[in-house]
Amino acid sequence: MASVVEFRGLTGGYRCGYCDSREGKVSCGMWAHSLTAQDYQDLIDRGWRRSGKYVYKPVMNQTCCPQYTIRCRPLHFQPSKSHKKVLKKMLKFLTKGEITKGGCADEPMDSTVEHAVAGDFAFIKKLDLQCDLTALSDDLKESVKSEESQPTENMKKEESPELIQPQDSEEKLGSGEPSRSVKVHSIPKPGKGADLSKPPCRKAKEIRKERKRLKLMQQSPSGEPVGERPGLQPSSEPPSWSSPKAKSNQPKSLEDFLFEPLPEDALHKLEVRVVRSSPPSSQFKATFQESYQLYKRYQMIVHKDPSDKPTVSQFTRFLCSSPLEPESPPDGPECGYGSFHQQYWLDGKIIAVGVIDILPYCVSSVYLYYDPDYSFLSLGVYSALREIAFTKQLHEKTPQLSYYYMGFYIHSCPKMKYKGQYRPSDLLCPETYVWVPIEQCLPSLENAKYCRFNQDPEAVDEGRCVEPDRLQVLHRKAIMPYGMYRKQQKDPSEEVTVLQYASLVGQRCSERMLLFRN
């Protein structure tokens, strides 16, 4: 089935969940009855993001807290020192039951479910009633199907298999190159901190070893270290650069930490299960109540929600319902594309759930909730690292799937700046929609909330809509190009609305998605 959306236009004057401004939030939104994985991929590559079936795009140069789409490049990711602390903490807990207090700040990919659409709750709930897919009559659905080409053979009706990732399983690293990005060379002003475009500082021990190696090479006529020169007897303890242990001195990869085999007498067992949430798989249905109760407890304890706020309806609307159509192409991942819950099972019970979308080029993080009793494990950070590793696993079968999208980076909000710690990562230019390394963006963001990251003044949005007449409209049970639809309309405001929609979704999506007009 093709993507079907209802554009709701610009909404402004709502409360911002990040800075608590009462009227500072400005965004454009649309209700998505259905979305193909490729259409949603293209939308998030233009700054859109979904909350349930509501898809929104901040008006970056007007909203109080500009939200920049951020993606991590897992194929080149190396865990930081703080990340390693979290991974070691989990390993100690699983092995010996050791509980370590403090450490890395625990932040999920979006700190609360309301922040993204704060102030829009009543609006979205109203849309939920007005725009539910059942509102499209059966004959209207049939007209959509009849206008489409023959269904793709790649689509599989059967339920996707449940993926289980035990703690002691082995995973191989994939390889690949990041897609098109723009490097913007800039130097931070004095007093603004370290130059993040330069390599990180080295440890004193490594510097001493390097000096010793250079000194020995200078003393040697051949320019080789003494221990490696022919005819000379090496010392009983060879230098570190020629030691057979050199390999073990290489930094451990993310997988080395995550999938280190546990001893047979380990006190705890952790496994990660990926279950399809929309349409709900049998595994999802079987664990729905347990998952909801975990969400409710998380919202009440961590975010201080009253007991009557995290209802089943709210949980379903924002974290279970999804417009993404399930797709299982032969060259795609084993689980297929669509929306999933990544469940963390500890000793037979769910302690955390990561809500994710699996798309043609990325794993997109939606939300995380967890048992507050296990907050000492820094599950927000741990789950992000697991999702990065999961992206690399999917990349092995689907080479183009090589990015991990972390939602929005909000530099003006201290609580949301942690996303920039997962390197290497890129921010999306809000004007030309190209990816720019975050190191090149930070100096500009220190000076202004809103920035155009692409510093080429002549660069334009290559995916902009240049032929609006080819935009597809669904009107009165018929699919037609906008050029034909426009001739039937007399209201000038209708053209303004449709052209605004076209400019925001771009040429490709405007030609593939069906814009429902009542």
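Note: the structure precedes this text.
Residues numbered from 1 in each chain as written. Predicted model: local features only at pLDDT ≥ 70, side-chain atom pairs only at ≥ 80, totals over all residues. Heavy atoms only, no water.

Draft legend 1. Fine view of the sheet that holds strand 16 (residues 514–517). With mixed pairing, the seven strands of this open sheet are ordered in space as 3-4-2-1-16-14-15. Strands with a single pairing partner mark the edges of an open sheet, and in this sheet they are strand 3 (49–51) and strand 15 (478–481). Averaged over all pairs of adjacent strands, the angle between their axes in this sheet comes to 40°, without regard to strand direction. Note: strand 14 (residues 472–475) against strand 15, four bridges, orientation antiparallel. Looking across to strand 15, one finds that His475 is bridged to Ala478. Against the sheet, helix 13 (residues 492–512) makes contact with strand 1 (4–14), strand 2 (25–34), strand 4 (54–58), strand 14 and strand 16, and its axis sits at roughly 120° relative to strand 1, the strand it touches most. (Pairing = 2+ DSSP bridges. Helix = DSSP H or I, 4+ residues; strand = E, 2+ residues; numbered from the N terminus. Axes fitted to C-alpha atoms, helices over the stretch in contact; angles between N-to-C directions. Contact = heavy atoms within 4.5 Å.)

Draft legend 2. Structural view of helix 1 (residues 37–44). Along helix 1, seven of the eight residues are buried, which leaves the element largely enclosed by surrounding structure. Along helix 1, the positions that sit buried rather than exposed are Ala37, Asp39, Tyr40, Gln41, Asp42, Leu43 and Ile44. (Buried < 20%, exposed > 50% of the residue type's maximum accessible area, 1.4 Å probe, protein only.)

Draft legend 3. Structural detail: the pairing of strand 12 (residues 425–428). By the alternation rule, side chains of strand 12 split into Ser425 and Leu427 and Asp426 and Leu428, which are all buried. The pairing of strand 5 (residues 68–72) with strand 12 spans three bridges and is classified as antiparallel. When the sheet's bridge partners are listed, Cys72 is paired in strand 12 with Ser425. With three bridges joining them, strand 12 and strand 13 (residues 435–437) adopt antiparallel strand pairing. Each residue of the ladder has a partner; that of Leu427, found in strand 13, is Val436. Hairpin remark: strand 12 followed by strand 13, antiparallel, with six residues in the connecting loop; positive phi at Tyr433, about 55°.

Draft legend 4. Spatial organisation of the nonpolar core. Formed by 124 residues in total, the largest nonpolar core has its most connected members in Met30, Tyr369 and Tyr422. Sorting elements by how many residues they give to this core places helix 10 (residues 379–397) first, with nine residues. Contacts of Tyr369, omitting those with residues within four sequence positions, involve Ser291, Leu294, Tyr295, Tyr298, Phe315, Leu319, His341, Ala352, Val353 and Val355. In terms of nonpolar packing, the next biggest core, distinct from the first, is built from six residues, Ala2, Leu474, Ile479 and Leu514 among them. (Core = buried A, V, L, I, M, F, W, Y, C linked by side-chain atoms within 4.5 Å.)

In short, the description is geometric, and any link to function would need to be established separately.
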